[in-house]
Structure formats: structure tokens, C-alpha cells
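# Summary of the model geometry
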Amino acid sequence: MMNPYCQEFQDVLKAVDSSAEGLSSQQAQERLAKYGPNKLKEAEKPTLFQRFVAQLKDPMLIILLVAAAVSALTGMLSGEPEWAEVIIILAVVLLNAVLGVIQESKAEAAIEALQSMTAATCKVLRDGKMVVLRSTELVPGDVVLLEAGDAVPADGRIIENASLQIEEAALTGESVPVYKALAALNLSAGQDEVPLGDRKNMCYMGSTVVYGRGKAVIISTGMDTEMGKIAGALAATEQEETPLQRKLDALGTLLSKLVLGICVFIFAFNLFMARDQLGEAGHTLSVILETFMVAVSLAVAAIPEGLATVVTVVLSIGVTKMSQRNAVIRRLTAVETLGCTQVICSDKTGTLTQNKMTVVDHLGETNLVATAMALCSDANLNAENQAEGEPTECALVNFAYSVGLKKQDLEKATPRVDEAPFDSGRKMMSTIHDLGDAYVQYTKGGPDVILSRCSHYYENGEIKPLTDEKQHQIMAANKAMADKALRVLAVAKRDWSEKPTDNTPAYLEQDLVFLGLTGMIDPVRPEVKAAIEECRSAGIRAVMITGDHKDTAVAIAKELGIITDASQAITGAELNDIPDEEIDEAVKKYGVYARVQPEHKTRIVNAWKANDAITAMTGDGVNDAPSIKSADIGVGMGITGTDVTKNVADMVLADDNFATIVSAVGEGRRIYDNIRKAIQFLLASNMSEVLGVFISTLMGFTLLNPVHLLFINLVTDCFPALALGMEEAEPDTMQRPPRDSKEGIFAGGLFFDIAYQGVLVTLLTIAAYIIGHSIEVGHFAMPHGVSEDGMTMAFLTMSMCEIFHAFNLRSQRKSVFSLKSKNKILWAAMVGSLVLTTLLLEVPFLANAFGFTPIGLTEYCVAILLALLVIPVVETVKFFQRKAAK
């Protein structure tokens, strides 16, 4: 069937084999079997177990599981299993997986939300009679009856219209209800289809009737509706990884290869060194197992076991802070994506604007114009003195209330006794009111049609003849308002000594007295302009994407500073003319996209992404959902947003405040900076462990056992790393451009910092081991095999080095002594780690479990002093790095 909106409704009825009286019950039953129920398909949701397993796909967690299995196998083969080590590793893996499931359990409720928006029941003509049916039983060819307050149950072609107005903002983004019509639409030259918002003779599932009544023949149900296409688009859109996820995955892959290479080398090297023992009876297995344990030690040393936990917890705490600022994060790793966002594609209605038509300009005597407009409206004030009804009429009633005129009081003083209802043909509405000893008629409508019915005008308390000059003045005022993208209405009156006996528009709407004009618009949110300016200073480009008219969108965008000229705006129809191979370059030219449909929004977002721009999409309507899900980060509106949008968004603004995005961007940047600090801290620690185990193996002694390395990685390192995640943002966080999403995790000299700091801690730890061993034997001696005093001092020195080094990393380049902010959590972490390390050394059963021996005060002080050296050395390097940067 050709586009139904291009056909007369009689032809559409024939095309779907129906009539104005609807279908018979038998026809409906047959079609229900053919087309299926009028509902949206549900997306398959992963089970709790599947989500848990998905968390275990992290490369670092896989390495940990392999290390646990190897450790258990080695211990069983040697007859001395180290179960504590295995249990610790498994506990870490379990903790990470559980945290991930709890934080990222994002049920795909979008389809359910779409279903909840569809009509539960509808009025249908069956067998020539009106019956109320569940909307799921609706089929193509059914004729439905629509009245004010009804939800449209499926997509249909209007076949009867009595002042029918339908609110389609959720689908089109247009804040003003659409006046429906019966006539077929004509396509413009070169036009394949009419934009969704301009299909005046159609009605769509998910929209609501706000005024009048009508009938429509259903042409599409279920997944074939426009709403169904959106649901299909949501199901087809894959959830992409965030930049941080990609970086951490790459880091995990790199570490896994590194660990494998080092372990194979050490295993082969040790077997080569012990080749003479391999031939001895009973020694072969023990040598292989001992060599294997050294390799396991290196694996444990090389893997930052606490990294996944630290990143998850830092992100979780960031999420909590952001929720306190009205930004609710639905996907954990999406927090940092905001930090590198380069483009924010924002819906206009309800996001940049208030989604509330408001009178902002008028012509004529204020009280008289307000009284006439309010009385010639069907909207009323509620208990909170907010108008309810059709948005345009709500604006007029609120305007009257703002000047001290309450609609209920006006109607009580001058009750309505008759009317000529609005219809889209004549574009006017008239009401007649009883003044007690006379009657007055108020007529409102489009300025051109109202003026054409006027013979006089009201000015300074007098009624004067309407001259051509005065008419030109009024039309000039109308144009001035229209040029500001205001929706302009005119109002006039006619005095009657008696109530008119004829209420037909032709009789009433003539010889009118012009009273004035009102100009209204959906105003911008007061805080948005400053928020967009701050985004600009942070190197972020704001783009408006809306279903509203181009003139309105341009006016709003200019006011906000999104564009400076109308040439920077384009319509959805014009966008269709741009071929796919040119769209990626074309999007850079425009800051406003008007009269767009859902597929346009997704195309725009994808074009920006094709330019390697990290793209965010904000919005509140159902029409925003596919593009929100396609964007690098989707931002939904918590108050005005539909459930569909909120459930596919990565972040929901609880206050619908565009300015909240700015604080979220700053928080995202702070979190990413702090995660880099934690990564630097943990990898420097792991490098020192790897180098320490590797060098000590070459020198012929055991520096630390696997369980010691696990304790340092999970306890000594984790708490300071978490504390680094709590650091406050740098002062210039929102004055620098977004970082490149392709920027490696080691960018900005991070790899060099990790390398030299890891070597430094290694040297200090080996020095502590040699000193401890020398004190144990009573003279300076190079260690061989296992020295309990040396191992204990090495453990204490390495642990304290990590704690002190955490203070160095409060800033990558600035001196720790120049920082004005205080990180109390880091101090608490230092004290906590120090206490736990001391307990491990001094409590007998713990010391025995870990293979430590008591050391004296001298050894303790030497270890602490060696560890303290990490601060002045790093401060010195930072000093020269700052000099080099200048």
C-alpha cells in the first residue's frame, strides 16, 4: 500500500479491506491470527548467571583464576597445598564479579516501558457497533473512536475529524499538539515521504488525544507501527564499550601476554640452572614444582589483583557523588565517558526548553487581552493554580493568572453560555458570555483570519474604525513576534445586547472589534545558556536536534548561543538529500537539526561518531531512545523523560537540568584522572614486585612468596589506591579540551613514571632484604636461598614504600607539598595499611602463617627509613619534569 497519508481516506479503507463501520468479528479474528496481537516484542534478558559469567570475561580475572588453579595444582602435587593463597585469589574474583553484577545489572526494560505507554483498552467499531476492547486485540482495518484523553492504540489514518488535536511530542519532539485533518497530503518535488510531524491526517501509537474527537482506520499494529520501529531499533542497537572499558581490556590483554612471557622465561631459565639436579633420583619432580612456584610467584606479582576492584569502587563512589548532584548513572564505566565527550546532541523540547508554552509578548491592553484569551479557552487552573488542558490554551490561562486574573473568577463573573468550537479549517474559536445585562463574544485565532473579520479596534478605552494604517501596524507587530519564533494568536470581541440565537461561525465571527495579540513560545531553561557556555570553555560542542519547526529551533539556538546564523540549521528533509558518503563531513557545518525523525537522530549521532567524536545524546521522548542508545553516552531526563528513554540511557538527570551535565562532565574528568593515578600506583607496585622476584631469582634467593605478594597487592596497595580515587579535581579540569578517546592509558609520560618508580621500589626492597640477611648472620653477606629476616624486612620495606609512594601520586607532576587540598582518606589508608602490616609481622599466628620472623627495632626503623626515600627521590624527578615541560 502506498503512503496512506497521500491517499484519500476512502481509498485507504478500500486498501485495508474495511469500511467506515469497521470490521466484522469474523474478519477481526482472521486478521488477528494473520498479523498477531497488537503489542511490542519483548527483548530477551540475560539471566543473573549469564550476567555473572559475563563479569568473569575480564582478562585480569581470567589470569587470576588460572593462577589460583596452578597454585592449587602445584600445592597438591608437592603435598603442601597453599589453600590460603587459592582462597584469597578466588575471593578477589568473586568480589569483582558480584560488584559488577550489582552495579551494572541493567535490565532491558525499554520494551516493557514502551508497552506500558500503549493504550490498555480502546473503543472500536465491530459488527457496526462500538465496543471496548483490549488494545492487543486490535487489527489492521479496525475503525477506532478517539476522544480527548484517549491514548492512540495503533497507527491509523484519520477518517472523521471534529477539531481533533493529538499530542505527539513523545514521537516527534514537537511541544504543540497537532491539529488533525482529513485531506490527503501532497509530496513536494523530490520528496519521498512527509516527515512524521507533518502527517496531519495520521495518528500514531503512543500519542494522546488532547482535544476534539474523531475516527481512524488502523493501518499498522504491533511491531509494524512507528513505535514498533523504535522498539526494533532499540533491539538492533548494540551496547558499545566505553573508552575506559576498552583501555582496561587492552591493559589486561597486555598484562596477560607479559605474565605468560615472563613465566615461561623464568621457568625455562630455572630449569636450565638446575639441569644438573634433573637427572638425580627423586629430584626431578621437586625441582620442576619449585621452578613452577617461582613462575606462579611472578604471575601473582605481575597481576594487579586489586586494579579491577579499585576501578569498580572508585567508579561506584563517583556514581554516588554524581547522584547527589542529580545525575543518576545507570552504567558504571560510562562515568568517565563524559570526561572525553566532545559533542552533546540535545533534544530541544523539555531539555533545553521547559516544555511549557508561555506567553512572553503581547499587544493591546493587558487585562482586557488576558481576560478575553482566558475566557475563550477550555483550559482551567488546578488546585496549585497551574493550568491544565491543551498547551496553547494553558499558556493563555497562565498568562491571565500572572496578571492577577484567575480563570475561575472570570468565568464566575461572566459565565459561558454558548460557543462556536475551534476547527482547523477556519482557525478560530468563539465563546459567548453573560455580563448580566448584556452579552459579549470573544473570538481568538490566527492574526490574519481574525483581522479579516474585524471592522474596528479597541484602544485607550475607545472603539475606533479599523483603518488600513492600523491594520498594517498590527500585522507589523505580528511579524515582529513571528520573527522571534513566537506562536502568535489574536483576540477580538463583539458586543450583544441579547444572546445570539444563531451560534454558527458564519453568523458570529464578523464585524469584530480587534483587542490584541499574544506571542508565546516554549521558553529556554534559565540555567541552560550558562551551562552551554561552560561546555564551550571545556571544548564541548552543543548540537540541537528537534522535531520542532526550523524557525523556532533557530530562535532558541541563537538565544542559547548554539548557533549564530540560520545557515547553520538544517531540516530532516534536507538531511535526507545528503548521501551517506558525505554525511560525516556535513554534520560539522550544522548546530541545529529541525523537523527530524528518529532515524535522523541516530544518523546524526553515528555521523559524529564516525568523525571520532565521543558523542552524548540527551532527550526525553520515545523518539530519542534509539539515538540515546547509539551514542557513546545517552542522557535521559528523569522528570519529563519517558520510561523508554530512562531505561536505555547511561545517565539520567533527576532534575532535567542541562546544567547538571556540566557538573557530570567535570566529575567524569576527575574520576578518570584519579583512575590513572590508581593505575600508576598499582602498576608501579607490580613492576617493583616483578623486578624484585626476577632479579632475586637470578641472584639465587627468594625475595617474597606468592602469598606475601598477594597481601601487598590486595591490602597494602588497595587502600591507598582507593584513597587516590577520592582526590579532588584539579583547578583547570573544566578549562582544558576533552582528551582524545584513543589516547592510551599510559599517555602523558605515565609509562616512564611507572618504570622508574617501579625500579626505585625494587632497589629499596632488595637493599632491605640484603640488610636483613646481613643482620641475621651477623655480617654483610649476599643472601642465597631463603632468609627469614631478609624476607621480613623486604616485605616491610615494600609495603611501606607503597604507602609513602601513594602521597607522591596525589599529582602526577605537581609537588605533593604544594597541594592546597587535603586527602584525609589517604592519611587514614596509610595508618590502616601500616597497622595491618605491623599486625601481620607481630601477631605470632599470623606471622607463622605467612612465614615471617620477629625483627628488632633497628631493623624496623631501617626498613621504614628506606621506604621513606621514595618521597624525596620522586619529588626530585618531578622537579626536573616540570622544568623540562616549561
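Refer to the structure presented above.
Keep in mind that this is a model prediction, so the values were computed, not measured. (Residues numbered from 1 in each chain as written. Predicted model: local features only at pLDDT ≥ 70, side-chain atom pairs only at ≥ 80, totals over all residues. Heavy atoms only, no water.)

## Describing the pairing of strand S24 (residues 633-637)
For the record, the criterion: For every residue, the accessible area obtained with a 1.4 Å probe (protein chains only) is divided by the maximum for its type, and the residue is called buried under 20%, exposed over 50%, and partly exposed between those limits. Secondary structure elements are taken from DSSP: a helix is a run of H or I of four residues or more, a strand is a run of E of two residues or more, and numbering for both begins at the N terminus. Two strands are said to pair when DSSP picks up at least two bridges between them.
Among the 5 residues of S24, 5 are classified as buried, and the element is accordingly described as predominantly covered. Looking at chain direction, strand S23 (residues 615-619) and S24 are connected through 4 bridges and run parallel. Bridged to threonine 618 within S24 is valine 635. The sheet contact formed by S24 and strand S25 (residues 651-653) spans 3 bridges and is parallel. The residue of S25 that forms the bridge with methionine 637 is leucine 653.

## Quick word on the side chain of arginine 426
Applied cut-off: Whenever a nitrogen or oxygen atom comes within 3.5 Å of another N or O atom, the pair is scored as a polar contact, on the condition that within protein one atom can donate a hydrogen and the other can accept it, and that pairs from neighbouring residues in sequence are kept only if both atoms are in side chains. Pairs of residues are marked as contacts when any of their non-hydrogen atoms sit within 4.5 Å.
Relative to the helices and strands, arginine 426 resides in the loop between strand S13 (416-423) and strand S14 (428-434). Within the local environment of arginine 426, its side chain forms a polar contact with the backbone oxygen of alanine 420, the two atoms lying 2.9 Å apart. Within the structure, the side chain of arginine 426 is placed 3.2 Å from the backbone oxygen of methionine 428, a separation counted as a polar contact. Look past the residues within four positions of arginine 426 in its chain and what remains in contact with it is Ala420, Pro421, Val449, Pro505 and Glu509.

## Describing empty space enclosed by the protein
Note the cut-off: Definitions used for this entry: grid spacing 1 Å over protein atoms alone; cavity, a set of points where a 1.4 Å probe fits but cannot get out; pocket, an open set with protein on both sides within 12 Å along at least 5 of 7 lines; lining residue, one with an atom within 4 Å of a point. Grid points are joined across faces, edges and corners, and a volume is the space filled by probe spheres set on the points. In this count, Pro and Cys sit with the nonpolar residues alongside Ala, Val, Leu, Ile, Met, Phe, Trp and Tyr, while Asp, Glu, Lys and Arg are called charged and the others, Gly among them, polar.
This model, assessed by the stated rule, comprises 3 cavities of 30 Å³ or more. Estimated volume of the largest cavity: approximately 50 Å³. If you trace the largest cavity, you find it lined by Leu171, Thr172, Pro195, Leu196, Gly197, Gly547, Arg595, Val596 and Gln597. Classifying every residue of the lining of the largest cavity by side-chain character gives 4 nonpolar, 4 polar and 1 charged. Within this model, the second largest cavity holds a volume of roughly 40 Å³. Among the elements that make up the lining of the second largest cavity, the one with the highest residue count is helix H22 (residues 572-576) (3 residues).

## Regarding the pattern of salt bridges
Selection rule: By definition, a salt bridge exists where a carboxyl oxygen of Asp or Glu is found within 4 Å of a side-chain nitrogen of Lys or Arg.
A full pass over the atoms with the stated rule returns 31 salt bridges. The salt bridge partner of glutamate 226 is lysine 229, with a shortest N-O separation of 3.2 Å. One end of the pair, glutamate 226, and the other, lysine 229, are both in helix H8 (residues 226-236), 3 residues apart, so they sit about a helical turn from each other. Judged by relative accessible area, which is 14%, glutamate 226 ranks as buried. For arginine 416, the salt bridge is made with aspartate 378, and the minimal N-O distance between the two is 3.0 Å. Separated by 38 residues along the polypeptide, arginine 416 in strand S13 and aspartate 378 in the loop between helix H14 (366-375) and strand S11 (380-381) bring together distant segments of the chain. For aspartate 378, a relative accessible area of 30% translates into the label partly exposed. Because the salt bridges share partners, they merge into one network encompassing Glu193, Arg199, Glu226 and Lys229.

## Comments concerning the sheet that holds strand S9 (residues 343-347)
Rules: Note on definitions: angles span 0 to 180 degrees between N-to-C directions of axes, and those axes are lines fitted to C-alpha atoms, for helices only across the stretch in contact.
One open sheet accounts for 8 strands, arranged S8-S25-S24-S23-S9-S20-S22-S21; its pairing is mixed. Each end of this open sheet is capped by a strand with a single partner; those strands are strand S8 (327-329) and strand S21 (569-571). Direction aside, the axes of adjacent strands within the sheet are offset by 20° on average. As judged from the 3 bridges shared by S21 and strand S22 (residues 592-594), these two strands associate in the parallel manner. Looking at S22, one finds that threonine 571 is bridged to alanine 594. Sheet contacts for helix H24 (residues 598-610): S9, strand S20 (541-545), S22 and S23; angle to S23, the most-contacted strand, approximately 155°. With respect to the sheet, helix H27 (residues 658-699) is in contact with S8, S9, S23, S24 and S25, its orientation differing from that of S25 by roughly 135°.

## Describing the side chain of arginine 126
Mapping arginine 126 onto the fold places it in strand S1 (residues 121-126). Of the residues examined, arginine 126 reaches a relative accessible area of 12% and is grouped as buried. Engagement of the side chain of arginine 126 in a polar contact is seen with the backbone oxygen of glutamate 137, the distance being 3.3 Å. Polar side-chain contacts of arginine 126 include one of 2.7 Å to the side chain of aspartate 142. Dropping the residues within four chain positions of it, arginine 126 is found in contact with Leu23, Ser24, Ala28, Val131, Leu133, Glu137, Val139 and Asp142.

## Examining the packing of helix H30 (residues 750-777) against helix H31 (residues 788-808)
Rules: Angles below 35 degrees are treated as roughly parallel, those above 145 as roughly antiparallel, those between 65 and 115 as roughly perpendicular, and all remaining angles as oblique. For any pair of crossing helices, the crossing counts as left-handed if the nearer helix is rotated counterclockwise from the farther one by less than a right angle, and right-handed if it is rotated clockwise.
Running from amino to carboxyl end, H30 crosses H31 at an angle of 150°, the nearest separation of the two axes being 7 Å. Looking at the two axes, H30 sits roughly antiparallel to H31. Along this stretch, H30 crosses H31, giving a crossing that reads as right-handed. On the side of H30, the interface is formed by Gln757, Val761, Leu764, Thr765, Ala768, Tyr769, Ile771, Gly772, His773 and Glu776, while H31 contributes Glu788, Asp789, Gly790, Met791, Met793, Ala794, Thr797, Met798, Cys801, Glu802 and His805. In terms of residue class, the contact of H30 with H31 is built from 10 nonpolar, 7 polar and 4 charged.

## With respect to helix H20 (residues 528-537)
At 3.6 residues per turn, the α-helix brings residues three or four places apart onto the same side. Keep this limit in mind: Arc, as used here, means the arc of the directions from the helix axis to the C-beta atoms.
For H20, the complete set of buried residues consists of Val528, Ala531, Ile532 and Cys535. Looking down the long axis of H20, one finds its buried residues gathered within 100° of arc, a one-sided arrangement. For H20, the secondary structure elements touched by its buried residues are S9, helix H13 (348-352), S20, helix H21 (550-560) and H27. Glycine 539 occupies a position one or two residues after H20 and carries a positive phi of about 80°.

## Focus on the nonpolar core
Worth spelling out the cut-off: Joining through side-chain atoms within 4.5 Å is the link that ties buried Ala, Val, Leu, Ile, Met, Phe, Trp, Tyr and Cys residues into a set, and such a set is a nonpolar core.
Judged by nonpolar contacts, the single largest core of 131 residues is most densely connected at Phe514, Ile562, Met651, Phe658 and Phe804. The element contributing the most residues to this core is H27, with 15 residues. Residues in contact with methionine 651, not counting those within four places in the same chain, are Met322, Ala327, Val328, Ile329, Leu338, Gly634, Val635, Gly636, Ile661 and Ala664. In terms of nonpolar packing, the next biggest core, distinct from the first, is built from 26 residues, Leu368, Phe399, Met429 and Leu515 among them.

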